[in-house]
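Residues per chain are reported as follows:
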Amino acid sequence: MKRAAKAKIPRPKPKTKRAAAQPKTADFDVLIAGGGMVGASLAAALAPLGMRIGVVEAVRFGSHGQPSYDERVTVVSWGSRRIFEGIGIWPQIASQATAIQHIHVSDRGHAGMTRMHAAEMGVEALGYVVPNRAIGQSLSEFLQASKSVTLLAPATLERLEQQSGHVRAALRAEDVHAASARLLVAADGAQSKIREQLGIGAQVWEYGQSAVICNLSVERPQPHTAFERFSGDGPMALLPMGEDRYALVWSVPQTRVAAVLAMEDGAFLQAVAAGFNGRFGRFIKAGKRQAYPLSLVRAQAQLHGRVVIVGNAAHSLHPIAGQGFNLSLRDVALLADCLADIRAAGGDPGAARPLQAYVRARRGDQLGTALFTDMLTRVFANPLAVVGCLRNLGLMGLELLPPARRRFTRINMGIAGRLPRLARGLPVAAASQLRDSA
Ligand SMILES: Cc1cc2nc3c(=O)[nH]c(=O)nc-3n(C[C@H](O)[C@H](O)[C@H](O)COP(=O)(O)OP(=O)(O)OC[C@H]3O[C@@H](n4cnc5c(N)ncnc54)[C@H](O)[C@@H]3O)c2cc1C
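Residues numbered from 1 in each chain as written. Predicted model: local features only at pLDDT ≥ 70, side-chain atom pairs only at ≥ 80, totals over all residues.

Caption draft 1: Quick look at the overall build of the chain. On a plain count of helices and strands, the chain comes out with 13 helices and 20 strands. If you take every contact in the chain between residues at least 6 apart in sequence, the share linking residues at least 24 apart comes to 75%. (Helix = DSSP H or I, 4+ residues; strand = E, 2+ residues; numbered from the N terminus. Contact = placed C-beta atoms within 7 Å.)

Right, dumping it as structure tokens:
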């Protein structure tokens, strides 16, 4: 990817030929550290507001080692589709997305199961399966075309200092050595160095599992249907990718991860097929397998002076229900609302009060989604017979009680509760003008 260097960086003249090189500083209204799925989505959401936005990303977009846009796929919920529509980037993403029209949840060895259908919810799809690389490509093309966004990649934020009225960041980059911004957004992932530098702790619960991911082909595909299968070997999600292809996400106990990664393809495909009781006929081809250790991480604060923490740096969830990115995108949508209002009022993007209100407003959804995800992992991993009975009753109840099922489906679709403007498909800048004229 070609690196964009759009910021006008003042070039101080050396007083003498021997004078030491002056550090070059770029000035922004909002500087986003981390251009992964969440940081880049925030930059795209803020692009129409007319602010100077900087994105510092350690790994070049499109490069093989990019940790956010890697071999994984993401289930983008219906609610997240609406946010991407509001940002104006959905058509690019849609061209590489597979619609999920049905979700089938079952517990191996038990009768309980439930199905959710897009038609029952009156929508075209409950969500979409999108390769992470496709999300990265769409976001980086969008950001490069934006006049208000400066992409600095590869560039690393090394240190930060909060000063009166702005944050100053030391960067390791080719031609910019420092940046100053009125607001810094830390979107630097679950191991956030910025969180650490600010002295913000994080609660971490290890699941003792890794998600093994792999693309597969099957003999008898079931188009546009995603499967969530709970079994003693760990939950397996099979996500449709078009024709006979599926993406597998298998949560494997840590003690078995090395063995599962080392299996011959044939044995691996058989183990997956056994999990689904022959529903797909034979599993034919397996792509490369990769493992991601799983933990629940929650930062103890999401605001520190002029620094807001988002994405995995703020909360990182088990991928069992495909909620982590979708939750973060709802954070992004509300933060964009908040900054649009500040901008419309000619205020300071790093002002404490509106940012505190943003953090408070997101608390319920963040806690609810983390508890929901964590409860699923614990209830379905529990080998006690009585817990098995209760979870089967729960699945049957969802199947037999349409109002309960619809409520559950709305949570999965990311459209429960009060929604930020972007999540209602409204462009963020226009929406703030609407509010002003109200
Ligand atoms: C196996 C698996 C499957 C998943 N499936 C789903 C799903 O289906 N649906 C869903 O909603 N969620 C899913 N998730 C969760 C989702 O992947 C995360 O929520 C999302 O990747 C978080 O993005 P992020 O941008 O916050 O962090 P990251 O993806 O970790 O990106 C952080 C970025 O910051 C950069 N960076 C780090 N430090 C610095 C620095 N000092 N300076 C500059 N740049 C820096 C990194 O290079 C990186 O690009 C899944 C997760 C896993 C593990």
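Caption draft 2: Structural view of helix α2 (residues 78–87). Judged by how many residues are buried, α2 sits mostly within the fold: nine of 10 residues are covered. Here α2 has its buried residues at Trp-78, Gly-79, Ser-80, Arg-81, Arg-82, Ile-83, Phe-84, Gly-86 and Ile-87. Residue Gly-88 follows α2 closely and has a positive phi angle near 100 degrees. (Buried ≥ 20, exposed ≤ 12 C-beta atoms within 10 Å, placed from the backbone.)

Caption draft 3: Region of interest: the sheet that holds strand β7 (residues 127–131). With antiparallel pairing, the three strands of this open sheet are ordered in space as β3-β7-β4. Sheet topology places β3 (73–77) and β4 (98–100) at the edges, where each strand pairs with a single neighbour. Averaged over all adjacent pairs, the angle separating strand axes in this sheet is 30 degrees, with direction ignored. Strand direction decides the pairing type here: β4 and β7, joined by three bridges, are antiparallel. Residue pairing in the sheet places Thr-98 in a bridge with Val-129 of β7. Against the sheet, α2 contacts β3 and β7, and its axis sits at roughly 85 degrees relative to β3. (Pairing = 2+ DSSP bridges. Axes fitted to C-alpha atoms, helices over the stretch in contact; angles between N-to-C directions.)

Caption draft 4: The arrangement of the site of the ligand in detail. Within the structure, the ligand sits among 35 residues, and Gly-34, Gly-36, Gly-189, Gly-311 and Gly-324 are positioned closest to it. Contributing elements (two or more residues each) for the shell around the ligand: α1 (37–46), β3, β9 (156–163), β12 (202–218) and α9 (324–344). Looking at the shell around the ligand residue by residue, the class counts come to 16 nonpolar, 15 polar and four charged. (Near = placed C-beta within 6 Å. Nonpolar A, V, L, I, M, F, W, Y, C, P; charged D, E, K, R; others polar.)

Caption draft 5: Representation of the environment of Gly-62 in the model. Among the secondary structure elements, Gly-62 is positioned in the loop between β2 (53–56) and β3. Taking the C-beta count within 10 Å as the criterion, Gly-62 has 15 such neighbours and is therefore assigned partly exposed. With 72 residues separating them in the primary sequence, Gly-62 and Ala-134 have C-alpha atoms 9.7 Å apart.

Caption draft 6: A look at helix α12 (residues 402–413). A rise of 1.5 Å per residue sets the reference length of α12, with its 12 residues, at 16 Å; its end C-alpha atoms lie 16 Å apart and thus fit the reference within 8%. Listed in full, the buried residues belonging to α12 are Thr-409, Asn-412 and Met-413. All buried residues of α12 project into a common sector of 90 degrees when viewed along the axis, lining one side. The exposed residues of α12 that point more than 90 degrees off its buried face are Pro-403 and Arg-407. Buried residues in α12 make contact with β3, α2, β6 (113–117), α4 (118–121) and β7. (Expected span 1.5 Å × (residues − 1). Arc of directions from axis to C-beta.)

Caption draft 7: A look at the confidence of the model for the chain. Chain-level pLDDT for the chain is 88 on average; 89% of the residues reach the 70-or-more range. Under a pLDDT of 50 for its full length, residues 1–20 has, in the predicted model, 19 contacts with residues more than four places off or in other chains. Below pLDDT 50 for its whole length, residues 430–438 participates in six contacts with residues either more than four positions away or in separate chains. (pLDDT = per-residue confidence, 0-100.)

Caption draft 8: Spotlight on the pairing of strand β1 (residues 25–33). Across the nine residues of β1, seven count as buried, placing the element largely inside the fold. Pairing analysis gives eight bridges linking β1 to strand β11 (residues 178–186), with the strands arranged parallel. Paired with Ile-32 across the bridge in β11 is Val-185.

Caption draft 9: Quick look at the environment of Arg-362. The topology assignment puts Arg-362 in helix α10 (residues 352–381). For the pair Arg-362 and Arg-330, spaced 32 residues apart in the sequence, the C-alpha separation amounts to 8.5 Å. Arg-362 has contacts with Asp-331 and Leu-334, leaving out every residue within four places of it along the chain.

Caption draft 10: Molecular detail of unusual backbone geometry. In this structure, the amide linkage connecting Ala-153 to the following residue, Pro-154, adopts the cis form with an omega of 0 degrees. Counting through the fold element by element, Pro-154 comes out in the loop between β8 (149–152) and β9. Residues other than glycine seldom take positive phi values, yet His-224 does so here, at roughly 55 degrees.

Caption draft 11: Inspection of the packing of α1 against helix α5 (residues 132–145) at higher detail. Packing of α1 against α5 brings their axes to within 10 Å, and their N-to-C directions diverge by 35 degrees. For the pair α1 and α5, the sense of crossing is left-handed. Counting all contacts with α1, which are made through Met-37, Ala-40, Ser-41, Ala-43 and Ala-44, the residues of α5 involved are Asn-132, Ile-135, Leu-139, Ser-140, Phe-142 and Leu-143. Along the lines of polarity and charge, the residues of the contact of α1 with α5 split into eight nonpolar, three polar and no charged. (Left-handed = near helix turned anticlockwise from the far one by under 90°.)

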